[in-house]
Amino acid sequence: MPNISTEYIAIGCNRTTHAAAWGVNGLVAFGASQLIALYNPLVCHEGDVHDVALVSGSADNTAKIWKKHNDQWVNSATLEGHQGAVEAIGVMRSLSISKDQDDIVATGAADGTIRIWKRHIKNDTEALALSYLPESKVPILACAHTDKKITIFIYQHDKFEKGHVLQGHDNWVRSLAFATYTGTQENETTATNHTLKQGDLMLASASQDRYIRLWKVSPHTPAPKPIVSQQQEKKTLLMGHDDWVYSVCWERPRIEKDTNGETRFIQPMRLLSASSDKSMMIWSPDTATGVWVNEVRMGDIGGNSYLGFCGALFSPQGHHVLSHGANGSFHLWKDISSDQEDNHWAPEVSISGHFKAVESVTWDPKSRFLLSASLDQTARLFAPWNRDIDGQNVTTWHEMGRPQIHGYDLKCLSFIHDWQYVSGADEKVLRVFDAPRSCVASLAALTGEKTMTTETESRPVGASVPALGLSNKAVFEGDINEMAAAADEDHTALQSYTHTTATPTSLMEVMNHPPFEEHLLQHTLWPEVEKLYGHGYEIMCVEATHDGKYIATGCKAATAEHAVVRLFETSTWKEIKTKIAAHALTVTRARFSHNDQWLLTVSRDRLWSLSKRTENDEEPYQLVAKNKAHARIIWDCSWSHDDTMFATASRDKTVKIWTQQGETFGCVATIKCAEAVTSTEFAPSHMDGHATNVNEWRLWHNVDNRSCHVGVVRSLSWRIHNGAFQLASAGEDHSVRILNVKP
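Residues numbered from 1 in each chain as written. Predicted model: local features only at pLDDT ≥ 70, side-chain atom pairs only at ≥ 80, totals over all residues. Heavy atoms only, no water.

**Observations concerning the environment of threonine 16**
Rules: The secondary structure listing takes helices from DSSP runs of H or I that are at least 4 residues long and strands from runs of E that are at least 2 residues long, numbered from the N terminus. Exposure is judged per residue with a 1.4 Å probe applied to protein chains only, and the accessible area is read against the type maximum: over 50% gives exposed, under 20% gives buried, and values in between give partly exposed. Whether two residues touch is decided by their heavy atoms; if any such pair falls within 4.5 Å, the residues are in contact.
Note on placement: threonine 16 falls in the loop between β1 (3-10) and β2 (20-22). Exposure remark for threonine 16: the relative accessible area of 43% places this residue in the partly exposed category. The spacing of threonine 16 and glycine 311 is 295 residues in sequence and 8.2 Å in space, taken between C-alpha atoms. Dropping the residues within four chain positions of it, threonine 16 is found in contact with Cys310 and His324.

**Thoughts on the pairing of strand β41 (residues 566-569)**
Convention followed: Criterion used throughout: strands pair if DSSP finds at least two bridges between them.
Two strands pair when backbone bridges link them, and strand β40 (residues 550-555) and β41 are joined in this way by four bridges, in the antiparallel orientation. The residue of β41 that forms the bridge with isoleucine 551 is phenylalanine 568. Of the strand pairs in this sheet, β41 and strand β42 (residues 574-575) are connected by two bridges, and their pairing is antiparallel. Residue pairing for β42: glutamate 569 is matched across the bridge by lysine 574. Hairpin connection of β41 to β42: four residues between the antiparallel strands, including tryptophan 573 at a positive phi of 60°.

**Focus on the sheet that holds strand β44 (residues 598-603)**
For clarity, the cut-off: To get an axis, fit a line to the C-alpha atoms, keeping to the stretch in contact for a helix; angles then go from 0 to 180 degrees between the N-to-C directions.
Reading across from one edge, β43-β44-β45-β46 is the order of the four strands in this open sheet, with antiparallel pairing throughout. The sheet is open, and its two edges are formed by β43 (587-592) and β46 (621-628), each paired on a single side. Sheet twist, expressed as the average angle between the axes of neighbouring strands with direction ignored, equals 20°.

**Re the pattern of salt bridges**
As a reminder of what qualifies: One side-chain nitrogen of Lys or Arg within 4 Å of one carboxyl oxygen of Asp or Glu is enough to make a salt bridge.
For the structure on display, the rule yields 27 salt bridges. Note that aspartate 242 is salt-bridged to arginine 297, the shortest N-O span being 3.7 Å. Residue aspartate 242 is found in the loop between β17 (231-238) and β18 (245-250), and its partner arginine 297 is found in strand β23 (residues 292-301); the two are separated by 55 residues along the sequence. Here aspartate 242 falls in the exposed class, since its relative accessible area comes to 53%. Between arginine 591 and glutamate 681 there is a salt bridge, and its shortest N-O distance comes to 3.1 Å. Taken as a pair, arginine 591 in strand β43 and glutamate 681 in the loop between β50 (664-672) and β51 (713-721) lie far apart in primary sequence, 90 residues in all. In this structure glutamate 681 comes out as partly exposed when scored by relative accessible area, which is 22%.

**Notes on the sheet that holds strand β34 (residues 430-434)**
Overall, antiparallel pairing links the four strands, which are arranged β32-β33-β34-β38 in an open sheet. Because the sheet does not close on itself, it has two edges, and the strands there are β32 (410-417) and β38 (528-532). The sheet shows a mean angle of 20° between the axes of neighbouring strands, taken without regard to direction. Where strand β33 (residues 420-425) and β34 come together, five bridges link them in antiparallel fashion. Within β34, the position partnered with glutamine 420 by the bridge is aspartate 434.

**Thoughts on the side chain of glutamate 359**
Threshold: What qualifies as a polar contact is a pair of N or O atoms within 3.5 Å, subject to a donor-acceptor requirement within protein and to the restriction that residues adjacent in sequence count only when both atoms come from side chains.
Relative to the assigned elements, glutamate 359 resides in strand β28 (residues 358-363). A polar contact is formed between the side chain of glutamate 359 and the side chain of lysine 411, at a distance of 3.4 Å.

**Regarding the nonpolar core**
So the rule is basically this: To qualify as a nonpolar core, a set must consist of buried Ala, Val, Leu, Ile, Met, Phe, Trp, Tyr and Cys residues joined through side-chain atoms within 4.5 Å.
By size, the foremost hydrophobic cluster in this structure holds 24 residues, and its most contacted members are Phe369, Leu381, Met400, Trp419, Tyr421, Leu443 and Trp526. Ranked by residue count, the leading element in this core is helix α2 (residues 437-447), at five residues. Core analysis: the second largest hydrophobic core is formed by 18 residues, Ala177, Tyr181, Ala204 and Ala206 among them.

**Remarks on a positive patch on the surface**
Quick note on the threshold: Put simply, a patch holds well-exposed residues, over 30% relative accessible area, that have no salt bridge, with like charges counted together within 9 Å and Val, Leu, Ile, Met, Phe, Trp or Tyr side chains within 5 Å. For the area figures, the Shrake-Rupley method with a 1.4 Å probe applies, and any residue is considered shielded solely by the protein chains shown. A positive count includes Lys and Arg, and a negative count includes Asp and Glu. His and the chain ends are not counted in either. The atom standing in for a charge is NZ when the residue is Lys, CZ when it is Arg, CG when it is Asp and CD when it is Glu.
A cluster of basic residues, Arg606, Lys628, Arg632 and Arg651, forms a positive patch at the surface. With respect to the element layout, arginine 632 can be found in the loop between β46 and β47 (634-639).

Structure representation (structure tokens):
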């Protein structure tokens, strides 16, 4: 029985507000395509504090409750009833909830309704939330609508009744957050004009009008009337963001000991906001006057950071801030202030991944790093970070570079040489990229592969995109001096900011840790060295020979005229006049044998074709055979490591094995599957060390569903590392995964 384990998963956060939550146990849960991903950004211990459950909402019109059972998160309940996507969730939990009270969950959906759910649990739990009217156990619910108003509901007579409408915002309200003011020993003795009193309920609202409003709900002391009318509303306006404010988040309440040694429940009055102006702000009231001021501003200055931030979260202890952006990225910041007045935050290493379907994944020719191409219009480089921590060797995988940020959805890629690859996208042009010196040197330092440093000679220092340009332009040492002379004032020293445009320093820098998202966006590009023309429609497949001499490509085609396979010679970057005309419809995959003697292509016309290498430079590959192998489209094909056989995978739910029989190849085995087969790949050697009967194939192992993709697998790629097998996969669920396979 083989041992299969997950080595690495890379996936981006969904590009929506409220897509992430940071629990008191240190885990961050975030929506990733149809998945809920769990991420631990900090080294922390749960102790006696733990999250009871996780609530998620989806475009499938349902909300789900997840609980941890035997170290696995399982779906304990599904909340059905909405007629539209569930877009907002409110969960009320509090230390003050009595043991006989039930948790209340509110779900808001695109159908314009809010549903209230009671959660009954069998075991005693302790959780953290504050959403009660002051000095009472009466739940209060705030909801926002596209009518720019905030509606307050009060729980009475076993239902929520409309109590008040808050008006003031001039655009849609995107986020709401409650907190209860608990007071501090300092402001109780020094406050003079401060309006907050212990027990006051604070509601923060963020809007597309660029403003944050704070609403205070407090008891109306003169009149002993019912609780519903005991409220009065006061508001504060926070101005500072230059674009839509998507998120507000209060620092999490905690239990502390005062000067007398007594424990006290404290709600820090610190509010975190995130905006599409590429910045996050932390707000707090002045202890003496109660005036809310901006403590610190974090984020990007200019550059390419897409549409800013969709949300931001405080860590359980308030010393870290995590935000997710409109490109699926995470940004982690740590408070490194030496004292409370300093307020200096620095970026930390976080996780990243694609935010749309991943179409292709491949190891470099020496299997040292992994490259992926996605419909999110980026190519990303993943590699291990090997380092020594307290005398122990630690290895973690990270995104080390983003060689290509394109204007079209990327479909395919293939390595030409160790540090050069070609990619195809939803355009008629193929583009060739070459690694810069900074990338090679940084990979050598981070992975520990010192042999990489011998391959940096004559390479450009880095790459940059000109102000009005569309292609990655190579930057050489002579260009660095010009860039330095034209460099503007360094604004990063003014606040907690990072550059997002290429600077002379960043292009020359050798990284000592994986790059931050801001660095990936601009500083890790590979120079574009060539464009290859010839196709009339969008590129569908590309493959280079193992000796790097030829490139074979195919494009979308509805006629035989456009279904040809074009060959390019890499020494001149020119197309070879003779084309391989074997198909009538789109060629979905092209694969060269490991010895480069054969070129195998498969197509939407259900045929595979085989071309043999010749000595004629004007016709390096000549068509020798083709076969209508399947009843439906053939999605993929693969050569065995010794080139004695190849496999074809089809939508007809079969994989067929073909071996050479005289002048052609014949089918020797058919593997039937339960679903359409979209990708296939032979391992780089025999798993058990010796050959098997190619006429007999059996199921070796089913990979655990928790390690598999949710949806179509688009690409597979093997490597052997330190004598062990690793399988990289790419899927439509936005993820890139690496599995360890031990026979």
